[in-house]
Amino acid sequence: AVAKYGDDEAVAKYGEPAYWEDLSGGLLTCCCRATNNDNEDIDDDEVVTSIPLLPSKLLNEITSRGYFVLPPSPCRNNSKEQHSSTALSSTLDALANAGWPPQFLLMYNETWELLKGAVQAIVGDDECDNFYIESDVNIWSLKRNNPPGKYYIGGNFIKPHRDMVYNACHDENDQPTSLSVWIPLNPSGATNHNGCMRIIPMEEDDFFYSPQHPNHSMNSKYAEEDAEKLVCAQFGSCVWDPTCVHWGGGFEADESEEQEPRSSLAFTIRLGGKAADFGTTCTTSSSSLKQQQQTGPEACLVKNCDKGDSKRRLQMVAKSLLSYSHHWPGFPFEGFRENMGLSR
């Protein structure tokens, strides 16, 4: 019988760093064991940041087209980073072979180091620590030869959608208060045929600035030929305004093409004090949005996102799975929220 998450034996196994390190073949390291100070380390003072802190080129691209693609950070050229470039993909394969969904890659330190390095490349060294990472961190990993329309945990979300409606992620001056970030993890990166991101440029979106219009939330009219394909190298970053309509491509490469299905790390950067609202409906209030009740781990400063014990890592995994539970039939099973500490 499969052990429930609430069983002491199961929790001890799922939270044991040695188990995950062994599963990776020793290529990756897991979080340290719990200490009395772990929870104190992730307490954040309120930091006020804003969109002008972004580099001018990135700011211009985000506010004019809605998206930007950055190359891998130069710091990834050293030998340690080259080693982890294959380690992440190998560990995703090992997780799949052991029956674990790809979200368990969030148990490893190297995943969070990659996230922190990407934010550093996006916003700059001096400002990196002042930005927040929302708790919507997720791992996607496509499969070969998957029948069209068959969903699986970690598969691409094929429907055109917005991460947030306009007034959920823009301030009174129409400046974005959040950015969506998507990083290919596989060696071939995200290509035209292995599952790169599709996005509708702002200027092609008639309802981008109209959150009250029904078509702002209903985006099924967009098709493949309407979108830009965001080709991106491994460990590069696709960055976009969360209001941009987008969707993940599927694996379409034939056997003659030497590229593997795309896998990716996705998360949201908060640019200001306004917490992200991932609801799909807009508010009628002109002053502020009523924030949805959040459960589980909360947003934290970039400098603290890799802190906390294995329990916090497991909660990040659980929240990642639950965020798309409507996308995967039969999940979550009864008691999942309570046993992972995600209920209030």
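Here's what I pulled together on the structure shown here. (Residues numbered from 1 in each chain as written. Predicted model: local features only at pLDDT ≥ 70, side-chain atom pairs only at ≥ 80, totals over all residues. Heavy atoms only, no water.)

## Regarding the overall build of the protein
Reasoning step 1: Summing up its helical and strand segments, the protein has 9 helices and 10 strands in all.
Reasoning step 2: Put simply, the protein has 344 residues, and 52% of those count as buried.
Reasoning step 3: Taking all contacts inside the protein whose residues are at least 6 apart in sequence as the whole, residues at least 24 apart take part in 79%.
Reasoning step 4: By element, 47% of the accessible surface of the protein is carried by carbon and sulfur atoms, the whole surface being about 16,400 Å². (Helix = DSSP H or I, 4+ residues; strand = E, 2+ residues; numbered from the N terminus. Buried < 20%, exposed > 50% of the residue type's maximum accessible area, 1.4 Å probe, protein only. Contact = heavy atoms within 4.5 Å. Areas by Shrake-Rupley, 256 points an atom, 1.4 Å probe, with all protein chains shown as cover.)

## Here's the deal with unusual backbone geometry
Reasoning step 1: One non-glycine residue, D174, adopts positive backbone phi at about 65°.
Reasoning step 2: Topologically, D174 is positioned in the loop between β3 (138-141) and β4 (178-184).
Reasoning step 3: A relative accessible area of 48% means that D174 is categorised as partly exposed.
Reasoning step 4: A positive phi angle, near 70°, is found at F235, a position not held by glycine.
Reasoning step 5: The topology assignment puts F235 in the loop between β6 (228-230) and β7 (237-240).
Reasoning step 6: Judged by relative accessible area, which is 6%, F235 ranks as buried.

## Topic: the sheet that holds β6
Two orientations exist for strands paired in a sheet by backbone hydrogen bonds: parallel and antiparallel.
Reasoning step 1: Read from one edge of the open sheet, 3 strands run β6-β5-β8, paired in antiparallel fashion. The open sheet terminates on both sides in strands that have one partner only, identified here as β6 and β8 (246-248). Sheet twist, expressed as the average angle between the axes of neighbouring strands with direction ignored, equals 25°.
Reasoning step 2: Across 3 bridges, the pairing between strand β5 (residues 197-199) and β8 is antiparallel. Bridged to M197 within β8 is G248. (Pairing = 2+ DSSP bridges. Axes fitted to C-alpha atoms, helices over the stretch in contact; angles between N-to-C directions.)

## Considering helix α4 (residues 56-64)
Reasoning step 1: All buried positions along α4 are accounted for by L58, E61 and I62. Buried residues of α4, seen end-on, are gathered within an arc of 95° and therefore sit on one face of the element.
Reasoning step 2: Where α4 terminates, the next one or two residues include G66, which has phi positive at roughly 105°. (Arc of directions from axis to C-beta.)

## Digging into the packing of aromatic side chains
Reasoning step 1: As enumerated under the stated definition, the model contains 9 aromatic pairs in all.
Reasoning step 2: On the basis of an interplanar angle of 75° and a centroid distance of 6.3 Å, the ring pair of Y19 and W100 is categorised as edge-to-face. Of this pair, Y19 sits in helix α2 (residues 17-23) while W100 sits in the loop between α5 (79-97) and α6 (109-123), and the two are 81 residues apart along the sequence.
Reasoning step 3: On the basis of relative accessibility, which here comes to 24%, the residue Y19 falls in the partly exposed class.
Reasoning step 4: A connected cluster of aromatic rings, assembled from ring pairs, spans Y14, Y19, W20, W100 and F104.
Reasoning step 5: One Lys or Arg, K143, reaches over the ring of Y152 and ends 4.6 Å from the middle of that ring.
Reasoning step 6: For R270, the ring lying beneath its charged end belongs to Y132, and the centroid distance is 4.8 Å. (Phe/Tyr/Trp six-rings, centres within 6.5 Å; stacked < 30°, edge-to-face > 60°. Lys NZ or Arg CZ within 6 Å of the ring centre and 35° of its normal.)

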